[in-house]
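Residues per chain, in single letters:
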Amino acid sequence: AVLPHIGVILAYLSLTVVFTWPMVLQANSAILGMGDARHHLWILWHTREALLGSDGLFYTHLLYYPTGISLLTHALGPLLGVVALPFWGFGPEFANNATVFIAFFLTGYGMYLLARSLKFSISIAFFAGLVLLVAPIHLAGLYGHMTKVFIALIPLSLLAALKAVDGHKSRWWSMAVGVILLLALLHSAEQFVYAAFAIGVVLLVQMLSSSPSDRVVQ
């Protein structure tokens, strides 16, 4: 049903306004945090410039000039830079804050979708998303660590993996697992590792719980 999803989405959007307050009041004039927050804003900007052909996506000559530096070891990848693309017309602060807002909301909703896929009720699934939203490390990420603000890909990777090992589900879920892992890699290397490990656990449990005949390759 669509209506429950709409209600849950509106609730998470409202909670995002509350937990990121007063970001909505200064959406185009200031960003939360200092230090890494500004660096992550630069990553969002650089992603746009790279996609426009002004610089490399994973290597830049704008830092440590003239040698340049690889961006592969940076905590934040280009994924959220793609999310920020539609908002640059309103200024860099707005692009940053809109991206943080979307990332924060999607984290709660991603956890909700995982809980619903596990057959929990709407209220319990909503609470699961709320718990992830208010996790201290998630809230702390608002002040300069976008990698911690957007962790929706971890529960979504579990959701896709659980669907993929279910013999009654479409084989497209197996492809979804790969897509989500790729997105995780483009967002944060550490989250890619976490997601891959979680998927590995799902596959191991599935293998151990299946009968020996089901493990034989035909």
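Residues numbered from 1 in each chain as written. Predicted model: local features only at pLDDT ≥ 70, side-chain atom pairs only at ≥ 80, totals over all residues. Heavy atoms only, no water.

A. Summary view of the overall build of the protein chain. Helix and strand counts for the protein chain stand at 11 helices and two strands. When the helices and strands of the protein chain are read in sequence order from the N terminus, they spell out α-α-β-β-α-α-α-α-α-α-α-α-α. The principal-axis extent of the C-alpha atoms belonging to the protein chain is close to 60 × 40 × 30 Å. Within the protein chain, the proportion of its 218 residues that are buried is 39%. Taking the intrachain contacts of the protein chain between residues at least 6 apart in sequence as the baseline, contacts between residues at least 24 apart amount to 64%. Counting every atom, the protein chain has about 12,000 Å² of accessible surface; 72% of that belongs to carbon and sulfur. (Helix = DSSP H or I, 4+ residues; strand = E, 2+ residues; numbered from the N terminus. Buried < 20%, exposed > 50% of the residue type's maximum accessible area, 1.4 Å probe, protein only. Contact = heavy atoms within 4.5 Å. Areas by Shrake-Rupley, 256 points an atom, 1.4 Å probe, with all protein chains shown as cover.)

B. Local environment of a nonpolar patch on the surface. The grouping of Leu51, Leu57, Phe58, Leu72, Val82 and Leu85 at the surface amounts to a nonpolar patch, some 510 Å² of accessible area in total. Along the chain, the position of Val82 falls in helix α3 (residues 79-84). A relative accessible area of 43% places Val82 in the partly exposed class. (Patch = residues over 30% accessible without salt bridge, like charges linked within 9 Å, V, L, I, M, F, W, Y side chains within 5 Å. Salt bridge = Lys/Arg side-chain N within 4 Å of Asp/Glu carboxyl O.)

C. Broad picture of the side chain of Thr16. By secondary structure assignment, the location of Thr16 is in helix α1 (residues 2-19). Excluding residues that lie within four positions of it along the chain, Thr16 makes contacts with Phe101, Phe104 and Phe105.

D. Highlighting the side chain of Thr20. For Thr20, the location among the structural elements is in the loop between α1 and α2 (36-51). On the basis of relative accessible area, Thr20 is assigned to the buried category, the value being 1%. The residues contacting Thr20, other than those within four sequence positions of it, are Leu32, Phe101, Phe104 and Leu142.

E. Broad picture of the packing of helix α4 (residues 92-117) against helix α5 (residues 122-133). In the contact formed by α4 and α5, the axes pass within 8 Å of each other and the chain directions differ by 140°. Here α4 lies oblique to α5, going by the angle between them. Between α4 and α5 lies a crossing whose hand is right-handed. Across the interface between the two elements, Phe104, Thr107, Gly108, Met111, Tyr112, Ala115 and Arg116 of α4 pack against Ile122, Ala125, Phe126, Ala128, Gly129, Leu132 and Leu133 of α5. (Axes fitted to C-alpha atoms, helices over the stretch in contact; angles between N-to-C directions. Parallel < 35°, antiparallel > 145°, perpendicular 65-115°, else oblique. Left-handed = near helix turned anticlockwise from the far one by under 90°.)

F. Spotlight on the nonpolar core. Residues Tyr12, Leu80 and Phe150 are the most contacted members of the largest nonpolar core, which totals 43 residues. The element contributing the most residues to this core is α4, with 10 residues. Sequence-distant contacts of Phe150, defined by excluding residues within four places in its chain, comprise Leu79, Leu80, Ala103, Leu106, Thr107, His187 and Gln191. (Core = buried A, V, L, I, M, F, W, Y, C linked by side-chain atoms within 4.5 Å.)

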